[in-house]
Amino acid sequence: MFTSSTIIEPFRVKVVEPLPRPTREDRCRQLAAARLNLFSIPAEAVTIDLMTDSGTSAMSQEQWASMMRGDESYAGARSYYRFRDVVRDLTGMHHVIPVHQGRAAEKILFTLVGGPGKVVPANTHFDTTRANVEHSGAEALDLVIAEGLQPQAEHPFKGNVDVPLLDSLLAEQKQRVPLVVVTITNNSGGGQPVSLENLKQVRACCDKHGVPLFLDCARFAENAWFIRQREAGQAGRDPADIAHEIFRLADGAWMSAKKDGFGNIGGFLAVKDDELAAGCRNMLILTEGFPTYGGLAGRDLEALATGLGEVLEVDYLCYRIASTEYVWRRLDEAGVPLLRPAGGHAVYLDARAFLPGIPPGQLPGQSISIALYLESAVRACEIGTVMFGRTLANGEQEPGPMDLVRLAIPRRVYTQSHMDYVVEAVCYVYAERARLGGLRIIDEPEALRHFTCGFEPLGWDPLR
Ligand code: F0G
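Residue indices begin from 1 for each chain and proceed along its sequence in written order. With pLDDT at 70 or above as the cut-off, local features in this predicted model cover only qualifying residues; side-chain atom pairs require 80 or more to be listed or tallied, and sums for whole chains, interfaces and linings still use all residues. As a convention, hydrogens and water are excluded, and side-chain values are obtained from all of the structure's heavy atoms.

Q: What is the right way to look at the overall build of the protein in this model?
A: Secondary structure elements are defined from DSSP: runs of H or I of at least 4 residues count as helices, runs of E of at least 2 residues count as strands, and each element is numbered from the N terminus. Counting its secondary structure elements, the protein contains 16 helices and 16 strands. Taking 2.2 N^0.38 as the reference for a compact globule, 464 residues should give roughly 23 Å; the C-alpha atoms of the protein span a radius of gyration of 22 Å, in line with that estimate. For the protein, the spread of C-alpha atoms along the three principal axes comes to 60 × 60 × 45 Å. Taken over 464 residues, the protein has a buried fraction of 59%. For this measure, only C-alpha atoms enter the radius of gyration; the expected value for a globule follows 2.2 Å times N^0.38, where N is the number of residues. Working definition: with a 1.4 Å probe on protein chains only, accessible area under 20% of the residue-type maximum means buried, over 50% means exposed, and in between means partly exposed.

Have a look at this one:
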């Protein structure tokens, strides 16, 4: 009997979109006009776009078909009830509040529970989460395990929370902590998963101190797959079953459904507590829309309701995690310094090990991202000092916890040959790394500076 060890894409292509092929000259021009910030480069000038896996998925025929069934009624649309029931079934949480994307949920939640004097611990806050916590006046505290901050360390669940640290924080100042956040998977920490065991320990710790537990669950399905793959006693378990168990450990969750919802837009906030839900709905009406659409069209709610089911299919998750790991393994075999092990949605280059001569304050991750775009029209994203550091009063940079370059892989979009091209491009930049130098930021806004700041090279020509 024929059996194959090749993990194939569990879909075939029905609609194609041409890839832009800008010349090196075009790329040079674009980089100069963008002041070396890749967020300012038009997508038309990018061949393989690995800037994010957010909102960039290919939708399935079932999702497109669902969109035709979208009910665009202002209040009480059929599409809302369908979406609500899917999210209720997934999370076990009664109150389901649609939002236009993850950060809208963060804004609503932390406006209500944050504020000066409060502390919000997490494994690692994503940039928008941290920004929304801080914008409310509260402090955002990262309590990931020590291995989670060491790119080269091997650990199957590098997204785990340091429970003893959380316990001592709550023992000393639980009155300041409105809730504990666990991000699954831990995006800013390398797309690394959190184990079921760790989630249970965090739950027990929260119970001990009477503090609610919330999940930032943008990539919950990928996290469930890693639990099935790596955690003792979980092999072969249905990912949906694992996801159900994860959500039932929490009091609330928010999701940017632009990731594991296969949506181009959308998200939700789900909570158990009636009073908190009422407060969130009032804020929602103020900023997003009526509680049965929350800033989304009925067709978006339909696409998400369908996507949230598809993302838990075994064939899909097997292909998804294997294809990320394929890129990781090829780069690792070529000796490129990587955050270990492979993440779920992305491969992260370890910029400090890639460019050991460039100190974190001179933004090595940004230099690599610029070179990768210039040489290959592959767009990656710095997740390091640009994103998480800050400019001190003396003009120097306080480094972020790690300096990474994220190659985020959109879902169901690129093929293996696209990824082979990316691997070749990264290997080329690595071979030529002696040509790269440091950078400085020339202007920046107050919050989330990485989206709009400009850069200047420190004594070298990045466009050469
Ligand atoms: N939480 C996590 C873990 C995320 O990764 C993101 C977004 C958000 C919250 C915010 O959601 O974008 O829908 O408002 N991450 C994207 C990324 C932007 O590129 O990783 P959003």
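Structure's up, so let's keep going.
Q: Teacher, can you tell me more about the packing of helix α4 (residues 102-113) against helix α10 (residues 274-287) here?
A: Helix packing for two helices is described by the angle between their axes and how far apart those axes are. Working convention: axes come from line fits to C-alpha atoms, limited for helices to the stretch in contact. Angles between N-to-C directions cover 0 to 180 degrees. With their axes 9 Å apart at the nearest point, α4 and α10 run at an angle of 125° to one another. The pairing of α4 with α10 is recorded here as oblique in orientation. By crossing handedness, the relation of α4 to α10 is classed as right-handed. Residue-level contacts link Ile108, Leu109, Thr111, Leu112 and Val113 of α4 to Leu276, Gly279, Cys280, Met283, Leu284 and Thr287 of α10. Residues are sorted three ways: Asp, Glu, Lys and Arg are charged, Ala, Val, Leu, Ile, Met, Phe, Trp, Tyr, Cys and Pro are nonpolar, and all the rest, Gly among them, are polar. Residue classes in the contact of α4 with α10 are distributed as 8 nonpolar, 3 polar and no charged. Roughly parallel covers angles under 35 degrees, roughly antiparallel covers those over 145, roughly perpendicular covers 65 to 115, and oblique covers all other angles. Rotating anticlockwise by less than a right angle from the far helix to the near helix defines a left-handed crossing, while the corresponding clockwise rotation defines a right-handed one. Note on definitions: a residue-residue contact is assigned when non-hydrogen atoms from the two residues lie within 4.5 Å.

Q: Explain the packing of aromatic side chains here, please?
A: Here a ring pair, both rings aromatic, is described through the centre-centre distance and the interplanar angle of the planes. Aromatic contacts are taken between Phe, Tyr and Trp rings whose centres are within 6.5 Å, Trp giving its six-membered ring; a plane angle under 30 degrees counts as stacked, one over 60 as edge-to-face, and the others as tilted. For the coordinates displayed, the defined rule picks out 11 aromatic pairs. Taking 4.9 Å as the distance between ring centres and 80° as the angle between the ring planes, the aromatic pair formed by phenylalanine 39 and phenylalanine 451 counts as edge-to-face. Pair noted here: phenylalanine 39 is in the loop between α1 (24-33) and β1 (48-49) and phenylalanine 451 is in the loop between β15 (439-443) and β16 (454-457), with a separation of 412 residues, a long-range link. For phenylalanine 39, a relative accessible area of 30% gives the class partly exposed. The partly exposed category is assigned to phenylalanine 451, whose relative accessible area is 27%. Taken together, Phe11, Phe262, Tyr316 and Tyr319 form an aromatic cluster joined through their ring pairs.

Q: How should I be thinking about the side chain of glutamine 192 in this particular structure?
A: Within the element layout of this structure, glutamine 192 appears in the loop between β5 (180-183) and α7 (196-209). Whenever a nitrogen or oxygen atom comes within 3.5 Å of another N or O atom, the pair is scored as a polar contact, on the condition that within protein one atom can donate a hydrogen and the other can accept it, and that pairs from neighbouring residues in sequence are kept only if both atoms are in side chains. Among the polar contacts listed, one links the side chain of glutamine 192 to the backbone oxygen of glycine 190, at a separation of 3.1 Å. Once you skip the residues sitting within four places of it in the chain, glutamine 192 turns out to touch His155, Lys158, Gly159, Thr185, Asn186, Arg230, Leu339, Arg340, Pro341, Ala342 and Gly343.

Q: Can you help me understand helix α9 (residues 239-247) in this one?
A: Three or four residues apart is the spacing at which side chains of an α-helix point the same way, because the helix has 3.6 residues per turn. Among all positions of α9, only Pro239, Ala240, Ile242, Ala243, Ile246 and Phe247 are buried. Take α9 and look down its axis: the buried residues cluster within an arc of 160°, on one side only. For α9, the elements touching its buried residues are α3 (78-91), α7, β6 (213-216), α8 (220-230), β7 (252-256) and α12 (314-333). Within this analysis, the arc is defined by the directions that extend from the helix axis to the C-beta atoms.

Q: Sorry if this is basic, but what is going on with the site of the ligand here?
A: Any residue with a heavy atom positioned within 4 Å of a molecule or strand is treated as near that molecule or strand. Taken together, 16 residues form the shell around the ligand, and within it Thr52, Arg103, Ser256, Lys259 and Arg406 come nearest. At 2.8 Å, a side-chain N or O of glutamine 101 approaches an oxygen atom of the ligand. Here aspartate 216 contributes a side-chain N or O atom positioned 2.8 Å from a nitrogen atom of the ligand. Ranked by residues supplied to the shell around the ligand, first place goes to α4 with 3 residues. Partitioning the shell around the ligand into residue classes produces 1 nonpolar, 8 polar and 7 charged.

Q: Explanation requested: the domain arrangement of the protein in the structure shown.
A: Interfaces are often sized by the amount of accessible area the parts lose when they come together. Residue ranges for the domains originate in an automatic or database domain assignment. For the protein, the domain assignment lists domain 1 (24-46 + 313-457) and domain 2 (61-310). For domain 1 versus domain 2, the distance between C-alpha centres works out to 26 Å. Listed by partner, the interface residues are 31 residues for domain 1 and 37 residues for domain 2. Buried area, as used here, totals the accessible surface that two parts lose on assembly, with accessibility defined by a 1.4 Å probe and the loss added over both. Carbon and sulfur atoms make up 59% of the surface buried where domain 1 meets domain 2, a total of about 2,800 Å² over both sides. For the domain 1 face of the interface with domain 2, the top three residues by lost area are Leu317, Arg340 and Arg411, together amounting to 21%. Put simply, a salt bridge is a Lys or Arg side-chain nitrogen that is within 4 Å of an Asp or Glu carboxyl oxygen. The tally of links between domain 1 and domain 2 comes to 5 salt bridges. Counting the contacts that link domain 1 with domain 2 gives 18 residue pairs in polar contact (both at pLDDT 80 or more). Residue contributions to the side of domain 1 that touches domain 2 peak at 6 residues, all from α12. Its residues assigned to classes, the side of domain 1 that touches domain 2 shows 20 nonpolar, 4 polar and 7 charged.

Q: Even after reading the chapter, I still don't get the sheet that holds strand β9 (residues 346-350), so can you show me in this structure?
A: Sheet strands pair by backbone hydrogen bonding; their relative direction is either parallel or antiparallel. Pairing is antiparallel in the open sheet, where 3 strands are placed in the order β9-β14-β11. Unpaired on one side and paired on the other, β9 and β11 (381-383) mark the two borders of the sheet. Between one strand axis and the next, the sheet turns by 35° as a mean value, whatever way the strands run. A pair of strands counts as paired when DSSP detects no fewer than two bridges linking them. The sheet contact formed by β11 and strand β14 (residues 404-408) spans 3 bridges and is antiparallel. Of the residues in β14, the one forming a bridge with cysteine 381 is arginine 406. Here α12 sits on the sheet and contacts β9 and β14; the angle it forms with β9, its principal contact strand, is near 25°.

Q: Whenever I open this one, the environment of leucine 463 confuses me. Can you help?
A: Structurally, leucine 463 can be placed in the segment after β16. Sequence-wise, leucine 463 and alanine 431 are 32 residues apart; in three dimensions their C-alpha atoms are separated by 17 Å. Setting aside its immediate chain neighbours within four residues, leucine 463 contacts Arg24, Cys28, Leu31, Ala32, Leu36 and Leu374.

Q: Even after reading the chapter, I still don't get α12, so can you show me in this structure?
A: To estimate how far a helix should reach, multiply one less than its number of residues by 1.5 Å. Over its 20 residues, α12 extends 28 Å from the first C-alpha to the last, a length consistent with the 28 Å expected when each residue adds 1.5 Å. Looking only at α12, the buried set comprises Tyr316, Leu317, Tyr319, Arg320, Ile321, Thr324, Tyr326, Val327, Trp328 and Leu331. Those residues of α12 hidden inside the fold are in contact with α8, α9, α11 (298-310), β9, β14 and α16 (416-431).

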